[in-house]
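# Examination of the molecular architecture
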2 protein chains.
Amino acid sequence: MAPPPAAAAAEAEGEEVTNRQVILKLYVTGYPTVDDMEVVTGTVRLALPPGSTTAILVKNLYLSCDPYMRTRMTRHADDPNFVPDYVPGKVVLSAHPDFKPGDFLWGVTGWEEYSLIPNPVLCNKINHREFPLSYYTGVLGVPGLTAYAGLFEVAKAKKGEYVFVSAAAGAVGQIVGQLAMLTGCYVVGSAGSDEKVNLLKTKFGFDDAFNYKEEADLNAALKRCFPEGIDVYFDNVGGATLDAVLRRMRPRGRVAVCGQVSQYNLERPYGVDLFQLVGKHIRMEGFLVSEYGGEYYRRFEEEMARHLREGKVVCVEDIVEGIDAAPAALVGLFAGRNVGKQVVAIARE
Amino acid sequence: MAPPPAAAAAEAEGEEVTNRQVILKLYVTGYPTVDDMEVVTGTVRLALPPGSTTAILVKNLYLSCDPYMRTRMTRHADDPNFVPDYVPGKVVLSAHPDFKPGDFLWGVTGWEEYSLIPNPVLCNKINHREFPLSYYTGVLGVPGLTAYAGLFEVAKAKKGEYVFVSAAAGAVGQIVGQLAMLTGCYVVGSAGSDEKVNLLKTKFGFDDAFNYKEEADLNAALKRCFPEGIDVYFDNVGGATLDAVLRRMRPRGRVAVCGQVSQYNLERPYGVDLFQLVGKHIRMEGFLVSEYGGEYYRRFEEEMARHLREGKVVCVEDIVEGIDAAPAALVGLFAGRNVGKQVVAIARE
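Everything quoted here is computed from the prediction, not taken from an experiment.

The next subject is the domain arrangement of chain A. Interface size is often expressed as the accessible area that is lost when the parts come together. All names here are of chain A. Looking at chain A, the domain boundaries give domain 1 (16-126 + 316-345) and domain 2 (142-290). Each of domain 1 and domain 2 was reduced to a C-alpha centroid, and the two centroids are 29 Å apart. On the domain 2 side, the residues contacting the 21 residues of domain 1 number 17 residues. Seen at the junction of domain 1 and domain 2, the total is zero salt bridges. Inspection of the domain 1/domain 2 interface yields four residue pairs in polar contact (both at pLDDT 80 or more). Broken down by class, the residue content of the side of domain 1 that touches domain 2 amounts to twelve nonpolar, six polar and three charged.

Shown next, in the form of structure tokens:
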């Protein structure tokens, strides 16, 4: 899967080439559909702005599809969009001293074939070419870092604690569960199909897992899985699951609020009983992965690369081919169609 | 108002006397009414269990009326009631080495004239008789301690921060606001009548205040009062107010969840948009005042007594007379009829 490391860029400088892009046509209410997006064919000149000392031109290779993107498809007057997309790609042209043509990087670009980036402050060089490049959309990129920072910095999970993670087969959840197992926690995950539950128990080695769609009573499911209660909940979904978890938390329990995917397409949020926080001194804390960049990311990247080499962490990706498949892949997230990290391969190097 | 310190107990040991009590007749759904309670006349023998070395018999003087009591009026299979009532009273008989007849104490007794307490582990001696005894149901008791611990231990309010408190004229809110002012915070409170708002601005010296019932748009009200956003929210009410506050929080804002009085009488909780926690790394944390007893309470009591002596903290109480008035006083909390700390005086020493 990994492209040959030294493949030369085929593009000639100054040439104008087509640049296919995914465009959001309208702000979305409710569930997004493929009709909300359009794949258009534009052009890009393979050139940098004259005089720039920071710009780079990137050929994008793998687009990341993530649930939080739904929150960027609604207009919030007071809430500017807070996270762009993460994409591994290859530098085609560079005026920046830290990047040279042929370098591989991952970072914030766009849902398009080529991106001109005026200043790549949100891009990171890819240090571990021994893994598939697509891992930098997942276990070695933002989802992995999110799992790591949320579990250890926000929820402060410790050995011997009871940990629950929802959307556990997803890009973040699968890493949360494996990191918690490595820490010596008792780990249970929920997911939305028997195939995913099977993956959690076998591939990822969770202590237990359940299909939330087949549980008539979430409270009963959590009681069965956690007779002693829950110390840490890594929340990817919010809503009814969060509500049931709060009732099952142990004193001084912590909830790392990473996502609320069950809520993004609703007009009114689900009514969670927040009085549950009071009696057990529960802490709920949201976080953004962007707080944990720079040196923190580098340390994470090395630790995770070691886990991957030693086989202590594995990952499952769901890769579709071609930018035309991107809208359906994004929409599919909200129906739970992906199994593992959803990636769109738009070029193989 | 303070009874003479050495008034002798009129009761003769062994005598049987009437003991009027407030009884909850049925578990409550929705808003409680006075018909859910009954004042009955029982008897109590003025005697201690033979052989006990810990029991005390207490004559109750002031009953505390608090919103959390509503949560004890509903049966929760999995959630045992977590806080009993706090009452200042006077020791009539004692087998306990730390209490002697005539001592004044406050603690967990009952809504009745006399309480036999097998072991007064949840009672504290009253050290500051220079203040009205009823202060030990408020500023020097549980509401004051709740305000203090919630603001400083949970929300960790610091000088220069923007602090919002709801139910700000209530027993806890009025102390929260004054402590935050003393810390050098900018403090705004909300309350449910113009009379209360006036009290906040004049008597308690809040920087600003508003009547939430007269604001068509809570988001606009908060934007007007906090153009720079909110760092700390001391939440007594939950629901729509909490939802609007989360939208107005600054990065790394903290919510101390003390109560959710707008929610106790609802069948389904209000849907608060918890995704707001994510983008700004907001921490919401519940707490119970019972975590902050013992030595912590003693330090608080001395600090608060100093503030009261120096006139830096004032308090407003709403005292009704007689145990027959207790049910209506409790019910009135949920209509916001009380102005300040609701107390029921059942004996004046």
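A few words on the relation of the copies chain B and chain A. Once turned by 180° and shifted 0.0 Å along the axis, chain B lies on chain A with an RMSD of 0.0 Å. One copy is carried onto the other by what is essentially a two-fold rotation axis. When each C-alpha of chain B is compared by its distance to the rotation axis, Gly 271 of chain B comes out closest, at 1.8 Å. Of the interface residues in chain B, 100% have counterparts in chain A that sit at the interface too, so the contact is made through matching surfaces.

Turning next to the packing of helix 4 (residues 218-225) of chain B against helix 5 (residues 239-248) of chain B. All names here are of chain B. Where helix 4 contacts helix 5, the axes come no closer than 9 Å and their chain directions differ by 45°. In terms of orientation, helix 4 and helix 5 fall into the oblique class. Judged by the twist between their axes, the crossing of helix 4 over helix 5 is right-handed. Taking contact as the criterion, the partners of Leu 218, Asn 219, Leu 222 and Lys 223 in helix 4 are, on helix 5, Ala 240, Thr 241, Ala 244, Val 245, Arg 247 and Arg 248.

Residue and element names in this part refer to chain A. The end-to-end C-alpha distance of helix 7 (residues 294-309), which contains 16 residues, comes to 23 Å, matching closely the 22 Å that a straight helix rising 1.5 Å per residue would cover. The set of residues buried in helix 7 consists of Tyr 296, Tyr 297, Phe 300, Glu 301, Met 304, Ala 305, His 307 and Leu 308. Seen along its axis, helix 7 keeps its buried residues to an arc of 160°; they face one direction. The outward face of helix 7, more than 90 degrees from its buried face, is lined by the exposed residues Glu 295, Arg 299 and Arg 309. On the buried face of helix 7, the contacting elements are strand 6 (104-107), strand 8 (123-125), helix 1 (142-154) and helix 2 (173-182). In the segment just after helix 7, Gly 311 is the residue with positive phi, at about 75°.

Moving on: the interface of chain B and chain A. On the side of chain A, 35 residues touch chain B, which itself brings 35 residues to the contact. Summing the contributions of chain B and of chain A, the shared interface buries around 2800 Å²; its carbon and sulfur component is 57%. There are two salt bridges connecting chain B and chain A. Residue Glu 291 of chain B is joined to Arg 252 of chain A by a salt bridge in which the shortest nitrogen-to-oxygen separation is 2.6 Å. Mapped onto the side of chain B that touches chain A, the elements with two or more residues apiece are strand 13 (249-257), helix 6 (276-279) and strand 14 (283-286) of chain B. Its residues assigned to classes, the side of chain B that touches chain A shows 18 nonpolar, eight polar and nine charged.

Another aspect to go through is the sheet that holds strand 10 (residues 186-191) of chain B. The sheet built from twelve strands is open, its strands ordered 11(A)-10(A)-9(A)-12(A)-13(A)-14(A)-14(B)-13(B)-12(B)-9(B)-10(B)-11(B) with mixed pairing. The sheet terminates laterally at strand 11 (208-211) of chain A together with strand 11 (208-211) of chain B, the two strands that pair on one side only. This sheet shows a mean twist of 15° between the axes of neighbouring strands, independent of strand direction. Strands strand 10 (186-191) and strand 11 of chain A of the sheet are contacted by helix 3 (residues 194-201) of chain A, whose axis makes an angle of about 175° with strand 11 of chain A. Helix 5 of chain B rests against strand 9 (162-165), strand 12 (230-235), strand 13 and strand 14 of chain B of the sheet, and its axis sits at about 150° to strand 13 of chain B.

Parameters and conventions
Every chain is numbered independently, its residues counted from 1 as its sequence is written. Both sets of labels track the order of writing: A upward for chains, 1 upward for ligands. In keeping with the model being predicted, local features are shown solely for residues with a pLDDT of at least 70 and side-chain atom pairs are shown and tallied solely at 80 or more, while totals for entire chains, interfaces and linings include all residues. No hydrogens and no water enter the side-chain calculation; it runs on all heavy atoms of the structure. The source of the domain bounds is an automatic or database domain assignment. Two residues qualify as a contact provided that any one of their heavy atoms is within 4.5 Å of a heavy atom in the partner residue. For salt bridges, the criterion is a side-chain nitrogen of Lys or Arg within 4 Å of an Asp or Glu carboxyl oxygen. In protein, a polar contact requires one atom able to donate a hydrogen and another able to accept it; more generally it is a pair of N or O atoms within 3.5 Å, and residues adjacent in sequence count only if both atoms are side-chain atoms. Residues are sorted three ways: Asp, Glu, Lys and Arg are charged, Ala, Val, Leu, Ile, Met, Phe, Trp, Tyr, Cys and Pro are nonpolar, and all the rest, Gly among them, are polar. In this comparison the copies share one frame, found by least squares on the C-alpha atoms of residues holding pLDDT of at least 70 in both. Note on definitions: angles span 0 to 180 degrees between N-to-C directions of axes, and those axes are lines fitted to C-alpha atoms, for helices only across the stretch in contact. Helix and strand assignments come from DSSP, with helices taken as H or I runs of at least 4 residues and strands as E runs of at least 2, each series counted from the N terminus. These descriptions rest on fixed angle ranges, namely under 35 degrees for roughly parallel, over 145 for roughly antiparallel, 65 to 115 for roughly perpendicular, and the rest for oblique. If you view the pair so one helix is near and one far, a crossing is left-handed when the near helix is turned anticlockwise from the far one by less than a right angle, and right-handed when it is turned clockwise. An expected span of 1.5 Å times one less than the residue number is assigned to each helix. Classification of residues uses two cut-offs on accessible area relative to the type maximum, computed with a 1.4 Å probe and protein chains only: under 20% is buried, over 50% is exposed, and between them is partly exposed. By construction, the arc corresponds to the directions joining the helix axis to the C-beta atoms. Take the accessible area each of two parts loses on contact, using a 1.4 Å probe, and add the two losses: that sum is the buried area. Here the rule is simple: two strands pair whenever DSSP picks up at least two bridges between them.

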